[in-house]
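Observations on chain architecture
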Amino acid sequence: MNEFDADSRGAGRSDRELVRDFLRERGEDEFRVLYRRHTPALYRMAYRLAGPSKAEDVLQETWLRAARAVSQFEWRSALLTWLTGILIRCCRETWSTNADIVTLPVDVEREEPEIETTSFTLLDIERAIERLPPGYREVLVLHDVEGFTHVEIARALGIVPGTSKSQLARARRELRHRLDGSAVPIADGGTAT
């Protein structure tokens, strides 16, 4: 069977059906469909959370761990939410071993425009998000960029929805400060627990 046939066979099938068949036969076709279905969203999150240099590694480790652990997945959340939890754990491991990837270097030689403006480019926003503390960045990216609900974020991060809501409020406030150029140190470290 070629790749096109495998993809068309998976079209219209739910994640649950694909996982069931993958576990029964350890079929590459089912895994390939799941991989293609969820990798774009996972890659966007890995890129924003771990940085461009580590996104591919985090994504690969996420899928390796998922393939090993999927038999224990209990379907209390969507498969993407579960995969996101694995991805975030992989990102956190990357942060703890490579502290230098959390923050983008600032180009101090860059000339700033003389005109005062309140509009920001996408690059300005991306850089400000990358400079947020990991806990703030996780919740902001999952909620505001990827569209996860607070319940889904809570499941992925192993926190309660109220913590997700408060982290999001703090993340937005910190992001505004960073975009305005008035970033202040964060007293609580900005980490989701």
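Structural notes, computed from the coordinates. (Residues numbered from 1 in each chain as written. Predicted model: local features only at pLDDT ≥ 70, side-chain atom pairs only at ≥ 80, totals over all residues. Heavy atoms only, no water.)

1. Considerations on the packing of aromatic side chains
Rule in force here: Pairs were defined over the aromatic rings of Phe, Tyr and Trp, the Trp ring being its six-membered one, requiring ring centres within 6.5 Å. Orientation was assigned from the angle between planes: stacked under 30 degrees, edge-to-face over 60, tilted for the rest. Every helix listed is a DSSP run of H or I at least four residues long, and every strand listed is a run of E at least two residues long, numbered separately from the N terminus. Here the term buried applies to any residue with accessible area under 20% of the maximum for its type, exposed to any over 50%, and partly exposed to those in between, with areas from a 1.4 Å probe on protein chains only.
The full count for this structure, using the stated rule, is 6 aromatic pairs. Seen from their ring centres, Tyr35 and Trp63 are 5.2 Å apart, and the 50° between their planes marks the pair as tilted. You can see Tyr35 sitting in helix α3 (residues 28-50) and its partner Trp63 sitting in helix α4 (residues 55-69), a full 28 residues away along the chain. According to the relative accessible area criterion, Tyr35 is partly exposed, its value standing at 34%.

2. Side note on the nonpolar core
Quick note on the threshold: We define a nonpolar core as any set of buried Ala, Val, Leu, Ile, Met, Phe, Trp, Tyr and Cys residues linked to one another through side-chain atoms lying within 4.5 Å. Should any heavy atoms of two residues lie within 4.5 Å, those residues are counted as being in contact.
Counting 43 residues, the largest nonpolar core has Met45, Leu49, Trp82 and Leu87 as the members making the most contacts within it. Taken together, the elements giving at least two residues each to this core come down to α2 (15-25), α3, α4, α5 (79-97), α6 (122-130), α7 (134-145), α8 (150-157) and α9 (161-180). Element by element, the count of residues in this core is highest for α5, at 9 residues. Those residues in contact with Trp82 that sit more than four places away from it in its chain are Ala66, Ala69, Val70, Phe73 and Ser77.

3. Re the packing of α3 against α4
Quick reminder of the rule: Helix axes use the C-alpha atoms of the stretch in contact, all axes being lines fitted to C-alpha atoms, and the angles between their N-to-C directions lie in the range 0 to 180 degrees. Should an angle fall under 35 degrees it is called roughly parallel, over 145 degrees roughly antiparallel, and 65 to 115 degrees roughly perpendicular, with every other angle called oblique. Crossing chirality is assigned from the near helix's rotation relative to the far helix, an anticlockwise turn below a right angle marking it left-handed and a clockwise turn marking it right-handed. For this classification, the nonpolar set comprises Ala, Val, Leu, Ile, Met, Phe, Trp, Tyr, Cys and Pro, the charged set comprises Asp, Glu, Lys and Arg, and every other residue, Gly included, is treated as polar.
Closest axis-to-axis distance for the α3/α4 pair is 9 Å, and the angle between their directions is 135°. When the axes of α3 and α4 are compared, the pair comes out oblique. Once α3 is placed against α4, the crossing between them reads as right-handed. Contact residues: α3 offers Phe31, Leu34, Tyr35, His38, Thr39, Leu42, Tyr43, Ala46, Tyr47 and Ala50, while α4 offers Ala55, Glu56, Val58, Leu59, Trp63 and Ala67. Looking at the contact of α3 with α4 residue by residue, the class counts come to 13 nonpolar, 2 polar and 1 charged.

4. What about the packing of α3 against α7?
Pairs of packed helices are described in terms of their axes, by the angle between the two and the distance that separates them. Put simply, α3 and α7 touch, their axes get as near as 10 Å, and they point 145° apart. Every pair of crossing elements has a handedness; the one defined by α3 and α7 is right-handed. For the pair formed by α3 and α7, the contact residues are Met45, Arg48 and Leu49 on the first element and Arg137, Glu138, Val141, Leu142 and Val145 on the second. Class assignment for the residues of the contact of α3 with α7 results in 5 nonpolar, no polar and 3 charged.

5. Some remarks on the side chain of Glu146
Defined as follows: The definition of a polar contact used here is a pair of N or O atoms within 3.5 Å, where within protein one atom must be able to donate a hydrogen and the other to accept one, and adjacent residues in sequence count solely through side-chain atom pairs.
Examined against the element boundaries, Glu146 turns out to sit in the loop between α7 and α8. Among the residues examined, Glu146 registers a relative accessible area of 16% and is labelled buried. A polar atom in the side chain of Glu146 sits 3.0 Å from the side chain of Arg44. Excluding residues that lie within four positions of it along the chain, Glu146 makes contacts with Ala41, Arg44, Met45, Arg48 and Val141.

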